[in-house]
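Chain by chain, the residues run as shown.
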Amino acid sequence: MAGIKALLGLKKATVMAEHEAPVKMEDDSQQETAPSPTPITNGSDAATEQALENNPNALNVLFLSSDTGGGHRASAESLGKQFQLLYPGSTYNLLDIVEKDCVPPYNSLVSYYKHLSTHPTQWKLVYSVSNSRAFEMIADAHLKLMCERAVRRSIQQYNPDVVVSVHPLMCNVPVLSCHKISKETGVHLPMFTVVTDLGSAHCLWFANGVEKMFVGSEQVQELAMIRGRVPQEKLVLSGLPIRHDFAVQAEGLGDRMSLEGMEYQRKVRRELELPYDDRRTILVMGGGEGVGSLERIVDALYCELVSQGIDALVMVICGRNEKLKNELEHKEWRSVYKRWMAAKERSSNLSQIFAVDNACGSSMLTPGCINSGSTVTNLRRMLSRGSLKTAMMAPLPDSQHFMSAPVEETKGDQSPDSNVIEVNSILSDSDAVQSPMSQNSVDYGKVHVVSLGFLENIAEYMVAADVLVSKAGPGTIAEAAALSLPIMLTSYLPGQEEGNVDYVVEAGFGAYCQDSDPLGIAEEVCMWLTDDDKREMLSRAAHAKGAPSAARKIAQQIGDATLQWRAMNQAKLADENGTA
């Protein structure tokens, strides 16, 4: 009996002194900087012991991750919460073995990420070099030689029932460590991998030796089999793990475009105390990207909505970016609109070069805008990278009648000379839509901009929105799909997130317009808002890719398998002790 008690881990080994209380994480797109890379735990040693005694199916789960973006930690948190719901009394910890136990340059990964994520060209170089067979072999051998023993000690300190990796650099070495722990103790320690990338994945994810590998898309599943040579029977196409709130809201929302879904959306808007519950609503995320590009996108949305006569609410999640939040709260929107009109008037003598059907934002080709079903996708992708952008000049409508257009202003101190958008910050080389701006009589859109800080109820705001504008983070995309929300992507990290753009565009529930072309973004979004059939098509395509209950299903499979291993370990231990 004493051996079984030890097997169940009722008394944990001494835990590192630097443990902190759990940190509630939101999606990566609303974080300005990554949180401090410290391990987290959701319960003390005594609490863990008591929980296991009172709940025989309680599990002690160890997640391996790193704060290179909020997505990895957010996935671990969402899975951890599901373990607690499904297996009462369960506890979970998160450990960054790379920073704690690895050698340079790996142990500086978090600081490198903060720099590289703001320098895309450097990031692309590092990602391309590291995502190669040669690097994979070198890194695998180096890490196992220099770090495995320390990693093994760290894992043993937690005395886990199961180890789950949610980071590509924490797969190969931990697999070996878990194997050695099992051999040393005679008790099998299972390990699983949950891949948190969506459209593509780094080669270091695909370490053989895990019990199961959970992937979020068919693209990643194919990569795992081809590049990682992971057996198909070990792969589970589950979707990305996202917070339980999204499963709750998805059930309440149902069909977003149905009468019941629209009524539920209005109900959520009222509960959020939004200024309006009957206006078209846009949710803009990406405060961590800085004031520049995101602010220009909001300016472009505002002006295009006004000029096209669309009454709308624009919600901007600034996260921890207080500078951006303050800029939007005190912006003189009338001046922004006048500058935008002046920019359009100055460009009215430009000549038309290209005109194609089904282009984003108008009947003209919009540089950088990639939409599903188009025959010029490759050209648009090339244009979005700037190689031919100077050639794409098109006429913009006359604006002389609308320089004094009525504009709905936000509350706050208004200064006619402060925070005014520059002429070139909203003017791009894209083609303009044929809006009512060139007519003598027009209804101007009443547009209200709301800036929001760091939020914990993102799911509710996504329900309230009709369109999402965001960077191509895998977690954000999975959350939007779970709630059937069309998404306009505006930026991505080269290599790592580029496949996410293809994932969204090819699935038909969004488009991509580079953030350097804010007018193109605004035109396309306005087209979605005024075309119910188009928006319904996008919404249904998103629903087809959504997996709101992925975290629960993953936790269920891991938990059940772990309990089976526990039973087999107990039987083996009892047999060895002659108590069977």
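Residues numbered from 1 in each chain as written. Predicted model: local features only at pLDDT ≥ 70, side-chain atom pairs only at ≥ 80, totals over all residues. Heavy atoms only, no water.

**Q** Is there a simple way to think about the overall build of the protein chain in this case?
**A** Along its length, the protein chain carries 22 helices and 14 strands. The burial tally for the protein chain puts 58% of its 580 residues in the buried class. Pairs at least 24 apart in sequence give 75% of the contacts found in the protein chain among residues at least 6 apart. A total of about 23,300 Å² of accessible surface is found on the protein chain, and carbon and sulfur atoms cover 51% of it. (Helix = DSSP H or I, 4+ residues; strand = E, 2+ residues; numbered from the N terminus. Buried < 20%, exposed > 50% of the residue type's maximum accessible area, 1.4 Å probe, protein only. Contact = heavy atoms within 4.5 Å. Areas by Shrake-Rupley, 256 points an atom, 1.4 Å probe, with all protein chains shown as cover.)

**Q** Looking at this structure, I do not really get the pattern of salt bridges. What am I missing?
**A** Two side chains bearing opposite charge may form a pair once their charged atoms approach each other closely. Here the structure, examined in full by the defined rule, presents 21 salt bridges. Ionic pairing is found between Glu479 and Arg243, a salt bridge with its closest N-O pair at 3.4 Å. Of the two residues, Glu479 sits in helix α18 (residues 474-482) while Arg243 sits in the loop between β7 (235-237) and α10 (244-253), which places them 236 residues apart along the sequence. Accessibility assignment for this pair places Glu479 and Arg243 in one class, buried. Note that Asp532 and Arg535 form a salt bridge whose closest N and O atoms lie 3.0 Å from each other. On the criterion of helical spacing, the pair formed by Asp532 and Arg535 is a turn pair, its members being three residues apart in helix α21 (residues 532-545). Given a relative accessible area of 4%, Arg535 falls into the buried group. Within this structure, Glu148, Arg152, Lys180 and Glu184 form a network of salt bridges that share partners. (Salt bridge = Lys/Arg side-chain N within 4 Å of Asp/Glu carboxyl O.)

**Q** Sorry, what's going on with the nonpolar core here?
**A** The nonpolar side chains of soluble globular proteins are, as a tendency, buried together. If you look at the biggest cluster of nonpolar residues, it comprises 45 residues, and the most contacted ones within it are Leu283, Met315, Met462, Ile477 and Phe509. Per element, the largest residue contribution to this core is six residues, and it comes from helix α17 (residues 458-464). The contact partners of Leu283, leaving out residues within four places of it in the chain, are Met315, Ile317, Tyr461, Met462, Ala465, Val467, Leu468 and Val469. (Core = buried A, V, L, I, M, F, W, Y, C linked by side-chain atoms within 4.5 Å.)

**Q** Sorry, what's going on with helix α13 (residues 322-329) here?
**A** Among all positions in α13, only Leu324, Lys325, Glu327 and Leu328 are buried. The buried residues of α13 occupy one face: seen down the axis, they fall within an arc of 160°. Residues of α13 that are exposed and point more than 90 degrees away from the buried face comprise Glu322 and Lys323. (Arc of directions from axis to C-beta.)

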